[in-house]
Amino acid sequence: MDTSTHFVMGIGLAGLAYIDPVVAADPMLAAAVMVGTIAGSQAPDIDTALRFKSNSLYIRNHRGMSHSLPFLMLWVLMITGVIGLIFSGIPLAHVVLWTAVAVGVHVFTDLFNTYGTQAARPFTERWIAWNVIHIFDPFLFTTHVIAILLWAFDLVQPAPLFTALYILIGVYYIWRTIARVLVVRKVKQMDNSPEIAKYIVIPTISWSRWHVVKTNKDGSYELGKIDGNELTWSLHATSSTHAAVAASRKLPEVSAFLYFTSYAVAEVEELPAGYKVRWADVRYRHRKQYPFVAVVVMDRNFETIDTYVGWLSDEKMDKKLLSARP
């Protein structure tokens, strides 16, 4: 999920903690629990700071080790340790419990979107992405904000309010999971492809609209969308076999990009004195652009002139690389 949704979930879980009679009876403990749930709901995304070192390092590691099983325990211990120093004399076991819930909810909800996590590390480095919930889901964010406001203005007591909220959200996740399964089944029936193909459907903000990526037997992709009962294909995507593509694979930026995604295609643009190789993740096509890319500008001898990896519009990327063109 996005940072803002994780934040309101942290507050929401602090409200849910009032079902614990010890927390409800002790204002200082309740405050400590809120610090723990807010911090716990943000801690796994601390690897965002890797952007300051390099985009390739961030792409390779974001939602990786920080979302892994060992780090789930580490975040809880670190956060409750700091809280124990600030709030002396409180029963820390309750802080540990609710902080662990917050960290666990963060990682668990991240599994439901397209970006996914490496939550099963150290057992596997496979990216787990269930493609059920959009990275920003208006329903999740709005219901949390409404509940937080009702609590803040003392209109509804937190225990019943947030219990009802999280039961509703649980039902919502089940419904969206079932909806995804049914949409995949519908796409397969409507497409009626004569060859063996793999389909993934990707959620959008609209509940009725899903992006569709079809992986063909030859490794190429068909990109489209299903809106209600209408399936439309808009683009065929396949990787170039140009020698510059093979040369670009050796670079750390491209290596990090390909480590993250299994849905990459490369295209080559010839420049006056070299090439521009553009890798794109076809899952994120938006408004006829691929915002998640790895780009390499190289000379005729395949020597690197400039690189970029990350999220960027075509216009911004071209401006960045313009000065590097030979």
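Note that residues are indexed from 1 along each chain, following the sequence as it is written. Local features in a predicted model are, by the rule used here, given only for residues with pLDDT of at least 70; side-chain atom pairs are given and counted only at 80 or more, and totals for whole chains, interfaces and linings are based on all residues. Each side-chain value is worked out from all heavy atoms of the structure, with water and hydrogens disregarded.

- Per an unreviewed UniProt entry, the protein goes by Inner membrane protein and derives from Paenibacillus barcinonensis.

**Digging into the pairing of strand β7 (residues 292-299)**
- Most of β7 is tucked away: seven of the eight residues are buried.
- Two strands qualify as a pair provided DSSP detects at least 2 bridges between them. Only DSSP runs of H or I reaching four residues or more are called helices, and only runs of E reaching two or more are called strands; each is numbered from the N terminus. Note: strand β6 (residues 274-281) against β7, seven bridges, orientation antiparallel. Its bridge partner being in β7, Trp 279 is matched across the sheet by Ala 294.
- Bridging between β7 and strand β8 (residues 304-311) involves seven bridges; their strand directions are antiparallel. Looking at the pairing, Val 293 lines up with Gly 310 of β8. When a residue's accessible area, from a 1.4 Å probe over protein chains only, is under 20% of the maximum for its type it is buried; when over 50% it is exposed; and in between it is partly exposed.

**Thoughts on the packing of helix α1 (residues 3-16) against helix α6 (residues 92-110)**
- Here an axis means a line fitted to C-alpha atoms, over the contact stretch when the element is a helix, while the angle between two N-to-C directions is reported on a 0 to 180 degree scale. Orientation of α1 relative to α6, taken along the N-to-C sense of each, is 140°, at an axis distance of 10 Å. Classified by the interaxial angle, the pair formed by α1 and α6 is oblique. The two elements α1 and α6 meet at a crossing, and its hand is right-handed. Contact residues: His 6, Met 9, Leu 13 and Leu 16 in α1; Trp 98, Val 101, Ala 102, Val 105, His 106, Thr 109 and Asp 110 in α6.
- Residue composition of the contact of α1 with α6, by class: seven nonpolar, three polar and one charged. Any angle from 65 to 115 degrees is called roughly perpendicular, while one under 35 is roughly parallel, one over 145 is roughly antiparallel, and all others are oblique. Each crossing gets its handedness from the near helix: less than a right angle anticlockwise from the far helix is left-handed, clockwise is right-handed. Contacts are residue-level and defined by heavy atoms, with any inter-residue pair within 4.5 Å sufficient. Each residue is assigned to one class: nonpolar for Ala, Val, Leu, Ile, Met, Phe, Trp, Tyr, Cys and Pro, charged for Asp, Glu, Lys and Arg, and polar for all the others, Gly among them.

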